[in-house]
Amino acid sequence: MAWTAISTRNETPPIVRGGWLDALRFIVASLIILHHFQMSAPVPLAEGLHPVFERGGFLLTNFFLIDSGYVLMRVYGASVAKGSMSAGDFFLKRYLRVLPAHLIMGLSLVALVVVGGALGFAPRAPEWFRWDQLWAQLTLTQAYGVPGGYGWNAPSWSISALVGCYLAFPWILRQLIKLGPWSVLGLGVGLYLLANQITWTLLGYPVYQMPMGFGFFRALPLFVLGMSLAWFAQKVWIAPKLAGWAGIGAALLLAFVQYFDKHALISLACISTIILAAGATPTPRPSKFVEKAAQVSFSMFITNEVVRIAWFGVANVLIAKFALPSPVQWALWFAGVAAAFVFAFLFHQIIDTPIQDRVRGWLKSRRRSAPVVGQPVVSLEG
């Protein structure tokens, strides 16, 4: 292409740890914590600050799912396409990345409810802790129409949906790499619009409102969109200045439109542009702090709901018993948010990292028993 700001001749910069994509992961994980905690504040943040806090689940989940497809495509796409990583190895690697932490937090929440009940502290909303809902969630099957899975560590529905995306990844990859970058970009956008139209026609609501029990059907079009953005990014070089300004403009537009409504398709376009811009912007000096923050982001996601339930289970009792004034309630709320960050860091360091070290060691020994071509890839997801 002749226009120097966008070219198919220049080489796209590789994504690296400690760069813009890592920064985005930490920012999104932080906003997820604020979204989950905002309703526990003395005055909900959606009422006192910005309506985006009420719609944060929609925006941040979309961001999380698109980004997952984008990063996995750029990190593992070449290896899986060439066969140096089999479809089975890819799935096993991704599944074992999320399962141990998910089970630990799910069982911790069970212990919290059981011990709290034995001490006379029943949950304020017992409908969110029904035993018949637990098994689908623990097995990460709640996003496929399996009865159960509501309540408990509710955000794990998106992890459940991603498990299906991991299974579909190699097949989707084989289809995308047959096409040129502009065709793939159009296909990714078109498939999402088609899925959205189908749900409107058959169900009367957009695809992003699919219930958690059918979350896979919400996640897959977004995951494919992320993969399409990644394939486009690998084949089409975008000038760093253009990428930077596009990312900033998309972020400002996203914040602006949220004052008025979801504006789902505009928001989706902004999120896609932000991710595409972050991946196209080189990182000449990767930050170790940003790298560590991004590594903790999964722990932030998987632990924050359990921390929220535990923290405000105690805080609400104290507030009611001692009639604590509003400033003290706000202090407890800020301390709870801080506790979510601290707990996530400790969980990452003390529990998740040692487990993943063992998992990686087992996967390596497993691969040694079979012929392996190529080199292992370091994941930006984990």
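For the structure given in this document, a descriptive report is provided here.

So, how was this worked out
- Residues numbered from 1 in each chain as written.
- Predicted model: local features only at pLDDT ≥ 70, side-chain atom pairs only at ≥ 80, totals over all residues.
- Heavy atoms only, no water.
- Helix = DSSP H or I, 4+ residues; strand = E, 2+ residues; numbered from the N terminus.
- Rg over C-alpha atoms; globule rule 2.2 N^0.38 Å.
- Buried < 20%, exposed > 50% of the residue type's maximum accessible area, 1.4 Å probe, protein only.
- Contact = heavy atoms within 4.5 Å.
- Patch = residues over 30% accessible without salt bridge, like charges linked within 9 Å, V, L, I, M, F, W, Y side chains within 5 Å.
- Areas by Shrake-Rupley, 256 points an atom, 1.4 Å probe, with all protein chains shown as cover.
- Salt bridge = Lys/Arg side-chain N within 4 Å of Asp/Glu carboxyl O.
- 1 Å grid on protein atoms, 1.4 Å probe; cavity = no way out; pocket = protein on both sides within 12 Å on 5 of 7 lines; lining within 4 Å.
- Points joined across faces, edges and corners; volume = space filled by probe spheres on them.
- Nonpolar A, V, L, I, M, F, W, Y, C, P; charged D, E, K, R; others polar.
- Phe/Tyr/Trp six-rings, centres within 6.5 Å; stacked < 30°, edge-to-face > 60°.

Describing the overall build of the protein
Step number 1: From N to C terminus, the protein includes 12 helices and 2 strands.
Step number 2: Written out in order from the N terminus, the α and β elements of the protein read β-α-α-α-α-α-α-α-α-β-α-α-α-α.
Step number 3: A compact globule built from 382 residues would reach a C-alpha radius of gyration of about 21 Å, and the protein, at 21 Å, matches this within 12%.
Step number 4: The C-alpha extent of the protein, read off along each of the three principal axes, is 70 × 55 × 50 Å.
Step number 5: Residues counted as buried form 51% of the 382 residues belonging to the protein.
Step number 6: The contacts of the protein with a sequence gap of at least 6 include a subset with a gap of at least 24, amounting to 78%.

Points about unusual backbone geometry
Step number 1: Of note, the phi angle at L140 is positive, near 55°, even though the residue is not glycine.
Step number 2: In this fold, L140 is placed in the loop between α5 (134–138) and α6 (157–176).
Step number 3: The class for L140 is buried, based on a relative accessible area of 3%.
Step number 4: A positive phi angle is found at W152, which is not glycine, with a value near 50°.

A few points about a nonpolar patch on the surface
Step number 1: On the surface, a cluster of nonpolar side chains totalling about 610 Å² of accessible area is made up of L179, L187, L191, L194, I198, L202 and L203.
Step number 2: Within the secondary structure layout, L202 lies in helix α7 (residues 181–203).

A closer look at the layout of surface pockets
Step number 1: By volume, the largest pocket amounts to about 1,600 Å³.
Step number 2: Surrounding the largest pocket, 50 residues form its lining, H36, W128, E305, R308 and I309 being those nearest its centre.
Step number 3: Contributions of two or more residues to the lining of the largest pocket are made by α1 (20–38), α3 (56–82), α4 (87–118), α6, α8 (215–235) and α11 (288–322).
Step number 4: If one sorts the elements of the lining of the largest pocket by residue count, α11 sits on top with 11 residues.
Step number 5: When its residues are assigned to classes, the lining of the largest pocket shows 28 nonpolar, 15 polar and 7 charged.

A closer look at the side chain of S160
Step number 1: Mapped onto the fold, S160 is located in helix α6.
Step number 2: Residue classification places S160 among the buried residues on the basis of a relative accessible area of 0%.
Step number 3: When neighbours within four sequence positions are excluded, S160 is seen to be in contact with L140, T141, Q142, A143 and Y144.

Focus: the packing of aromatic side chains
Step number 1: For the coordinates displayed, the defined rule picks out 17 aromatic pairs.
Step number 2: Judged by centre distance (6.4 Å) and plane angle (70°), the ring pair of F169 and F223 falls under edge-to-face. Of the two residues, F169 sits in helix α6 while F223 sits in helix α8, which places them 54 residues apart along the sequence. Side by side, F169 and F223 carry an identical accessibility label, which is buried.
Step number 3: Here the aromatic rings of W330 and W333 are separated by 5.8 Å at their centres, their planes lie at 80°, and the arrangement is edge-to-face.

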